[in-house]
Amino acid sequence: ITGVIPGNPSGETLTMKFKDVASKGLTLPSTKDGFTVKIGEAVYTGYTLTQSIDPDTKQTTTIFDLGDVKDYAGKTVTITYNATVNEDALDTVNNTAYVSKPNPDQYVEGTPVENKLYSFDFTKQDADGNALAGAEFTISGDDLDEKDYTANGGVTTVTSGADGKVTFKGLA
């Protein structure tokens, strides 16, 4: 997330907030340790972090309150973190960042980011077309980072169910 701190010729208090809204299917860090906030090239630790997860939509809203940033007018704020795709992800995961106007309760929307997730499924059948349960399949390949894939909720080995169906989901 990036934004520029506006000029402040009056020299009065200038508060600024950033808000990040991540869709169901994305897990964000829950403490300041999981985020790096910089103003210019310097790490900035003088912010407060609040986070909430909507029980219905499972969206995570994270607010970074930078406090009074009047001494940093014209500098770029950069917030970095790693989000993890989790088992609630369906076909896509979305993330949108917002920057507050000088009135910190009004936000300007940034560019939404959408990542598509793909799945691969098939049905194991016998020669007569009957579903076969208990067949085990493993997905692998040069483009599949097993550590990252499994950390993001994917499983590399799947056993066909009573309906013979096998599904690998959460693929890039």
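A few points on the structure. (Residues numbered from 1 in each chain as written. Predicted model: local features only at pLDDT ≥ 70, side-chain atom pairs only at ≥ 80, totals over all residues. Heavy atoms only, no water.)

Let us now look at the overall build of the protein chain. Regarding its fold elements, the protein chain presents one helix and 16 strands. Per-residue burial over the protein chain gives 30% buried out of 172 residues. Carbon and sulfur atoms make up 47% of the accessible area of the protein chain, which totals about 10400 Å². (Helix = DSSP H or I, 4+ residues; strand = E, 2+ residues; numbered from the N terminus. Buried < 20%, exposed > 50% of the residue type's maximum accessible area, 1.4 Å probe, protein only. Areas by Shrake-Rupley, 256 points an atom, 1.4 Å probe, with all protein chains shown as cover.)

Glancing now at unusual backbone geometry. For Lys-58, which is not glycine, the phi torsion reads 60° and is therefore positive. Tracing the sequence through the fold places Lys-58 in the loop between strand 6 (48–53) and strand 7 (60–68).

Time to look at the sheet that holds strand 1 (residues 2–4). The four strands are arranged 1-8-4-5 in an open sheet whose pairing can be described as antiparallel. The open sheet has two free edges, formed respectively by strand 1 and strand 5 (42–43), since each of these has just one partner strand. As defined by bridge partners, strand 1 adjoins strand 8 (residues 76–81) across three bridges and the pair is classed as antiparallel. Paired with Val-4 across the strands is Thr-76, a residue of strand 8. (Pairing = 2+ DSSP bridges.)

This model, assessed by the stated rule, comprises six aromatic pairs. Judged by centre distance (5.8 Å) and plane angle (75°), the ring pair of Tyr-44 and Tyr-72 falls under edge-to-face. Of this pair, Tyr-44 sits in the loop between strand 5 and strand 6 while Tyr-72 is found in the loop between strand 7 and strand 8, placing the two residues 28 residues apart along the sequence. With relative accessibility at 13%, the residue Tyr-44 sits in the buried group. Ring centres of Phe-120 and Phe-122 lie 5.6 Å apart, and the angle between their planes is 55°; this geometry places the pair in the tilted category. Residue Phe-120 is classed as partly exposed on the basis of its relative accessible area of 46%. With relative accessibility at 25%, the residue Phe-122 sits in the partly exposed group. Through a chain of ring-to-ring contacts, the aromatic side chains of Phe-35, Tyr-47, Phe-64 and Tyr-81 assemble into a single cluster. Directly above the aromatic system of Tyr-98 lies the positively charged group of Lys-19, at a separation of 4.9 Å from the ring centroid. (Phe/Tyr/Trp six-rings, centres within 6.5 Å; stacked < 30°, edge-to-face > 60°. Lys NZ or Arg CZ within 6 Å of the ring centre and 35° of its normal.)

On to the pattern of salt bridges. On inspection of all chains with the given rule, the structure shows two salt bridges. Here Asp-88 ties to Lys-58 by a salt bridge, and the two come within 3.5 Å at their closest N and O atoms. You can see Asp-88 sitting in the loop between strand 9 (84–85) and strand 10 (92–100) and its partner Lys-58 sitting in the loop between strand 6 and strand 7, a full 30 residues away along the chain. Given a relative accessible area of 25%, Asp-88 falls into the partly exposed group. The exposure class assigned to Lys-58 is partly exposed, which follows from its relative accessible area of 39%. Between Asp-68 and Lys-70 there is a salt bridge; the shortest N-O distance is 3.7 Å. For Lys-70, a relative accessible area of 31% translates into the label partly exposed. (Salt bridge = Lys/Arg side-chain N within 4 Å of Asp/Glu carboxyl O.)

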